Amino acid sequence: MYIYNVTINVEESIIAPWLTWMKNTHIPEMLATGKFSKALMTRVLVEEEMGGVTYSIQYTTDSKATLQKYYTEDAEKMRSQAAKLFAGKFVAFRTELEIVSEH
């Protein structure tokens, strides 16, 4: 199992509409790609020097191959939607995590 983690720092001025969009539109659309079995959204409890609020969204997938398929088939479209709606109001970086053990 793998986790596709997206960490996003969001300007405070757009937090309410961004959260609504994430919960009601973006995360459901990510799951609808069929490449992720679940999503977990968390708030990172740290004060950022640049300001804003940081969130982590973790999408669970079954394999590296499925994640690669997401990159090839869906990533550009999914990322461009956020860019259109919230341009210049957030910074995102992505990491891949391999689940070693779960208890």
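Since the model is a prediction, treat every value here as computed from it, not as a measurement.

Here's the deal with the confidence of the model for the protein
Line of reasoning, step 1. Per-residue confidence for the protein averages 95 on the pLDDT scale, and 100% of its residues sit at or above 70.
Line of reasoning, step 2. The weakest mean pLDDT in the protein belongs to helix α3 (residues 75-86) at 91; the strongest belongs to strand β2 (residues 38-43) at 98.

A word on the pattern of salt bridges
Line of reasoning, step 1. Under the counting rule described, the total for this entry stands at four salt bridges.
Line of reasoning, step 2. Residue Asp 74 pairs with Lys 35 through a salt bridge whose shortest N-O separation is 2.7 Å. Of this pair, Asp 74 sits in the loop between α2 (64-73) and α3 while Lys 35 sits in the loop between α1 (15-32) and β2, and the two are 39 residues apart along the sequence.
Line of reasoning, step 3. Overall, the relative accessible area of 15% leaves Asp 74 in the buried class.
Line of reasoning, step 4. Classification of Lys 35 by relative accessible area gives buried; the value is 11%.
Line of reasoning, step 5. Residues Lys 64 and Glu 96 are paired through a salt bridge, measuring 2.3 Å at the closest nitrogen-oxygen approach. Residue Lys 64 is found in helix α2, and its partner Glu 96 is found in strand β4 (residues 90-98); the two are separated by 32 residues along the sequence.
Line of reasoning, step 6. Residue classification places Glu 96 among the partly exposed residues on the basis of a relative accessible area of 34%.
Line of reasoning, step 7. Taken together, the shared-partner salt bridges connect Lys 35, Glu 73 and Asp 74 into one network.

Some remarks on the sheet that holds β2
Line of reasoning, step 1. One open sheet accounts for four strands, arranged β2-β3-β1-β4; its pairing is antiparallel. The open sheet has two free edges, formed respectively by β2 and β4, since each of these has just one partner strand. Adjacent strand axes in the sheet meet at a mean angle of 15°, parallel and antiparallel pairs treated alike.
Line of reasoning, step 2. Its contacts with the sheet place α1 against β1 (2-10), β2 and β3 (53-61), and it is angled at close to 10° to β3.
Line of reasoning, step 3. Contacts from α2 reach β1, β3 and β4, with the element oriented near 45° to β1.

Some remarks on the side chain of Asn 5
Line of reasoning, step 1. Relative to the helices and strands, Asn 5 is located in strand β1.
Line of reasoning, step 2. Among the polar contacts listed, one links the side chain of Asn 5 to the side chain of Thr 7, at a separation of 2.9 Å.
Line of reasoning, step 3. Reaching out from Asn 5, the side chain makes a polar contact with the side chain of Ser 56 at a distance of 2.6 Å.
Line of reasoning, step 4. Excluding its chain neighbours within four sequence positions, the residues that come into contact with Asn 5 are Ser 56, Ile 57, Gln 58, Phe 93, Arg 94, Thr 95 and Leu 97.

Calculation rules
Residues numbered from 1 in each chain as written. Predicted model: local features only at pLDDT ≥ 70, side-chain atom pairs only at ≥ 80, totals over all residues. Heavy atoms only, no water. pLDDT = per-residue confidence, 0-100. Helix = DSSP H or I, 4+ residues; strand = E, 2+ residues; numbered from the N terminus. Salt bridge = Lys/Arg side-chain N within 4 Å of Asp/Glu carboxyl O. Buried < 20%, exposed > 50% of the residue type's maximum accessible area, 1.4 Å probe, protein only. Pairing = 2+ DSSP bridges. Axes fitted to C-alpha atoms, helices over the stretch in contact; angles between N-to-C directions. Contact = heavy atoms within 4.5 Å. Polar contact = N/O pair within 3.5 Å; in protein donor to acceptor, adjacent residues only side chain to side chain.

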